[in-house]
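The lines below spell out each chain.
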Amino acid sequence: MLIPPPGVSLRLATLDDVAALALLHQQCWREAYSPIVDGELLEAQLDLKRSEDNWRTQIENGRKRLIAVRDGVPIGFAASGPGRDDDLPTPRELYALYVAEAEWGSGVGRLLLAEELRGESASLWVLEDNERARDFYARHGFERDGARKKYDELDVWEIRMVRRVDHPVRA
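Residues numbered from 1 in each chain as written. Predicted model: local features only at pLDDT ≥ 70, side-chain atom pairs only at ≥ 80, totals over all residues. Heavy atoms only, no water.

Quick look at the overall build of the protein now. Broken down by element type, the protein carries five helices and seven strands. Counting from the amino terminus, helix and strand elements in the protein follow one another as β-α-α-α-β-β-β-α-β-α-β-β. In terms of C-alpha radius of gyration, the protein reaches 16 Å, essentially the compact-globule figure of 16 Å for 171 residues. Looking at the protein as a whole, 44% of its 171 residues are labelled buried. Looking at the protein alone, contacts between residues at least 24 apart form 63% of all its contacts between residues at least 6 apart. Accessible surface computed for the protein: about 9,500 Å², of which carbon and sulfur atoms make up 48%. Taking the 24 positively charged and 31 negatively charged side chains of the protein as two groups, their mean positions are separated by 5 Å. (Helix = DSSP H or I, 4+ residues; strand = E, 2+ residues; numbered from the N terminus. Rg over C-alpha atoms; globule rule 2.2 N^0.38 Å. Buried < 20%, exposed > 50% of the residue type's maximum accessible area, 1.4 Å probe, protein only. Contact = heavy atoms within 4.5 Å. Areas by Shrake-Rupley, 256 points an atom, 1.4 Å probe, with all protein chains shown as cover. Lys, Arg positive; Asp, Glu negative; His and termini not counted. Charge placed at Lys NZ, Arg CZ, Asp CG, Glu CD.)

So this is what it looks like as C-alpha coordinates:
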(Lines give C-alpha, C1' and ligand atoms only; values in the text may rest on other atoms or scores of the structure.)
Protein backbone atom coordinates (compact mmCIF):
# COMPACT_ATOMS: atom_id res chain seq x y z
CA MET A 1 0.00 0.00 0.00
CA LEU A 2 1.26 3.44 -0.93
CA ILE A 3 1.62 6.07 1.74
CA PRO A 4 -0.21 9.31 0.91
CA PRO A 5 1.82 12.51 0.59
CA PRO A 6 1.81 14.56 3.80
CA GLY A 7 -1.59 16.14 4.46
CA VAL A 8 -3.35 14.15 1.73
CA SER A 9 -6.10 11.61 2.28
CA LEU A 10 -8.33 9.59 -0.02
CA ARG A 11 -12.05 9.13 0.38
CA LEU A 12 -15.20 8.61 -1.66
CA ALA A 13 -16.94 11.69 -3.01
CA THR A 14 -20.22 12.74 -1.40
CA LEU A 15 -22.96 15.11 -2.47
CA ASP A 16 -21.28 17.76 -0.31
CA ASP A 17 -18.32 17.63 -2.74
CA VAL A 18 -20.28 18.31 -5.94
CA ALA A 19 -19.52 22.03 -6.31
CA ALA A 20 -15.83 21.68 -5.43
CA LEU A 21 -15.40 18.68 -7.74
CA ALA A 22 -17.06 20.46 -10.66
CA LEU A 23 -14.66 23.38 -10.22
CA LEU A 24 -11.67 21.04 -9.84
CA HIS A 25 -12.69 19.11 -12.95
CA GLN A 26 -12.76 22.33 -14.99
CA GLN A 27 -9.48 23.52 -13.49
CA CYS A 28 -7.77 20.22 -14.32
CA TRP A 29 -9.04 20.26 -17.91
CA ARG A 30 -7.68 23.78 -18.39
CA GLU A 31 -4.32 22.92 -16.83
CA ALA A 32 -3.86 19.66 -18.71
CA TYR A 33 -5.44 20.47 -22.06
CA SER A 34 -4.78 24.20 -22.70
CA PRO A 35 -1.36 23.48 -24.25
CA ILE A 36 -2.79 20.88 -26.67
CA VAL A 37 -6.42 21.81 -27.38
CA ASP A 38 -7.90 24.81 -29.16
CA GLY A 39 -8.94 27.25 -26.41
CA GLU A 40 -12.41 27.95 -27.81
CA LEU A 41 -13.21 24.27 -28.17
CA LEU A 42 -11.95 23.61 -24.65
CA GLU A 43 -13.98 26.40 -23.09
CA ALA A 44 -17.09 25.26 -24.96
CA GLN A 45 -16.89 21.96 -23.04
CA LEU A 46 -16.49 23.60 -19.64
CA ASP A 47 -20.02 24.29 -18.49
CA LEU A 48 -20.04 24.49 -14.68
CA LYS A 49 -23.75 23.70 -14.28
CA ARG A 50 -23.45 20.64 -16.53
CA SER A 51 -20.38 19.49 -14.60
CA GLU A 52 -22.17 19.87 -11.26
CA ASP A 53 -25.19 17.98 -12.59
CA ASN A 54 -22.91 15.20 -13.87
CA TRP A 55 -21.12 14.82 -10.51
CA ARG A 56 -24.42 14.91 -8.60
CA THR A 57 -25.99 12.27 -10.85
CA GLN A 58 -22.99 9.96 -10.56
CA ILE A 59 -22.95 10.15 -6.77
CA GLU A 60 -26.73 9.85 -6.43
CA ASN A 61 -26.66 6.77 -8.68
CA GLY A 62 -24.15 5.11 -6.37
CA ARG A 63 -21.08 5.43 -8.58
CA LYS A 64 -18.11 5.50 -6.28
CA ARG A 65 -15.76 8.33 -7.17
CA LEU A 66 -12.44 8.42 -5.35
CA ILE A 67 -11.08 11.82 -4.40
CA ALA A 68 -7.81 13.05 -2.96
CA VAL A 69 -8.21 15.78 -0.36
CA ARG A 70 -5.70 18.15 1.22
CA ASP A 71 -6.93 20.21 4.18
CA GLY A 72 -10.53 19.37 3.29
CA VAL A 73 -10.19 20.57 -0.32
CA PRO A 74 -10.36 18.13 -3.26
CA ILE A 75 -7.11 18.16 -5.25
CA GLY A 76 -7.63 15.14 -7.49
CA PHE A 77 -10.05 12.40 -8.42
CA ALA A 78 -10.28 9.07 -10.18
CA ALA A 79 -13.12 7.07 -11.68
CA SER A 80 -13.20 3.60 -13.19
CA GLY A 81 -15.65 0.89 -14.03
CA PRO A 82 -16.16 -2.05 -16.34
CA GLY A 83 -14.30 -1.92 -19.64
CA ARG A 84 -16.49 -0.38 -22.35
CA ASP A 85 -14.58 -1.46 -25.46
CA ASP A 86 -16.08 -4.51 -27.17
CA ASP A 87 -12.77 -5.33 -28.86
CA LEU A 88 -10.80 -5.40 -25.60
CA PRO A 89 -11.92 -7.56 -22.69
CA THR A 90 -10.25 -5.85 -19.73
CA PRO A 91 -12.00 -6.07 -16.38
CA ARG A 92 -11.54 -2.35 -15.66
CA GLU A 93 -11.39 0.88 -17.57
CA LEU A 94 -9.96 4.02 -16.02
CA TYR A 95 -12.52 6.64 -17.03
CA ALA A 96 -10.79 9.61 -15.42
CA LEU A 97 -7.73 10.53 -13.38
CA TYR A 98 -7.09 14.20 -12.76
CA VAL A 99 -4.88 16.03 -10.29
CA ALA A 100 -4.53 19.79 -9.86
CA GLU A 101 -1.36 21.08 -11.50
CA ALA A 102 -0.02 22.33 -8.14
CA GLU A 103 0.06 18.66 -7.06
CA TRP A 104 1.73 17.22 -10.19
CA GLY A 105 4.72 15.14 -9.15
CA SER A 106 3.60 14.95 -5.51
CA GLY A 107 2.49 11.31 -5.65
CA VAL A 108 -1.23 12.10 -5.55
CA GLY A 109 -1.84 10.73 -9.07
CA ARG A 110 0.11 7.55 -8.31
CA LEU A 111 -1.89 7.09 -5.11
CA LEU A 112 -5.24 7.61 -6.86
CA LEU A 113 -4.29 5.21 -9.66
CA ALA A 114 -3.11 2.50 -7.27
CA GLU A 115 -6.20 2.72 -5.08
CA GLU A 116 -8.66 2.98 -7.96
CA LEU A 117 -7.34 0.02 -9.98
CA ARG A 118 -5.84 -2.06 -7.15
CA GLY A 119 -3.33 -3.74 -9.44
CA GLU A 120 -5.92 -5.04 -11.91
CA SER A 121 -5.55 -5.21 -15.65
CA ALA A 122 -7.16 -2.14 -17.14
CA SER A 123 -7.49 0.10 -20.16
CA LEU A 124 -7.84 3.84 -20.59
CA TRP A 125 -8.12 6.49 -23.29
CA VAL A 126 -5.75 9.47 -23.22
CA LEU A 127 -5.28 12.41 -25.57
CA GLU A 128 -2.58 11.43 -28.02
CA ASP A 129 -0.75 14.75 -27.64
CA ASN A 130 -0.85 14.64 -23.83
CA GLU A 131 2.72 13.43 -23.45
CA ARG A 132 2.85 14.07 -19.71
CA ALA A 133 -0.18 11.83 -19.08
CA ARG A 134 1.01 9.15 -21.52
CA ASP A 135 4.38 9.04 -19.74
CA PHE A 136 2.67 8.79 -16.34
CA TYR A 137 0.58 5.83 -17.46
CA ALA A 138 3.58 4.15 -19.11
CA ARG A 139 5.47 4.36 -15.81
CA HIS A 140 2.57 2.45 -14.25
CA GLY A 141 2.56 -0.41 -16.73
CA PHE A 142 0.25 0.88 -19.45
CA GLU A 143 1.21 0.47 -23.11
CA ARG A 144 -0.33 1.73 -26.33
CA ASP A 145 -2.28 -1.03 -28.01
CA GLY A 146 -2.74 0.66 -31.40
CA ALA A 147 -6.36 1.75 -30.96
CA ARG A 148 -7.03 5.38 -31.79
CA LYS A 149 -10.20 7.46 -32.08
CA LYS A 150 -11.19 11.07 -32.64
CA TYR A 151 -12.49 13.10 -29.71
CA ASP A 152 -14.70 15.28 -31.87
CA GLU A 153 -15.73 17.84 -29.24
CA LEU A 154 -12.08 18.84 -28.75
CA ASP A 155 -10.93 18.03 -32.31
CA VAL A 156 -8.06 15.85 -31.05
CA TRP A 157 -7.10 12.20 -31.18
CA GLU A 158 -7.17 9.77 -28.28
CA ILE A 159 -5.15 6.60 -27.98
CA ARG A 160 -5.91 3.55 -25.89
CA MET A 161 -3.41 2.27 -23.38
CA VAL A 162 -3.66 -1.11 -21.67
CA ARG A 163 -2.10 -2.67 -18.61
CA ARG A 164 -2.26 -6.45 -18.42
CA VAL A 165 -1.60 -8.07 -15.08
CA ASP A 166 -1.41 -11.86 -14.91
CA HIS A 167 -2.13 -12.00 -11.21
CA PRO A 168 -4.05 -8.93 -10.00
CA VAL A 169 -3.01 -7.53 -6.66
CA ARG A 170 -5.85 -7.25 -4.18
CA ALA A 171 -5.59 -4.69 -1.43
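Resuming the write-up.
Turning our attention to the packing of aromatic side chains. Inspection of every chain in the model, using the stated rule, returns six aromatic pairs. Measuring from centroid to centroid gives 6.2 Å for Tyr33 and Tyr98, while their planes differ by 80 degrees, and the two rings are edge-to-face. Placement of Tyr33 in helix H1 (residues 18–33) and of Tyr98 in strand S4 (residues 92–99) is noted, with a sequence separation of 65 residues between them. The two residues Tyr33 and Tyr98 agree in class, both being buried. Where Phe136 meets Tyr137, the ring centres are 5.3 Å apart and the plane angle is 70 degrees; that geometry is what we call edge-to-face. In this pair, the class of Phe136 matches that of Tyr137, namely buried. Above the ring of Trp104, the side-chain terminus of Arg132 is found at 3.7 Å from the ring centroid. (Phe/Tyr/Trp six-rings, centres within 6.5 Å; stacked < 30°, edge-to-face > 60°. Lys NZ or Arg CZ within 6 Å of the ring centre and 35° of its normal.)

A few words on the pairing of strand S2 (residues 66–70). Burial analysis of S2 places four of its five residues in the buried class, which makes it a mostly covered element. Pairing geometry for strand S1 (residues 8–12) and S2, over five bridges, is antiparallel. Among the inter-strand pairings, Leu10 is bridged to a residue of S2, identified as Ala68. Alignment of S2 against strand S3 (residues 73–81), held across five bridges, turns out to be antiparallel. Across the sheet, the residue bridging to Ile67 is Phe77, located in S3. Counted along the chain from S2 to the antiparallel partner S3, the turn is two residues long, and its residue Asp71 has a positive phi close to 50 degrees. (Pairing = 2+ DSSP bridges.)

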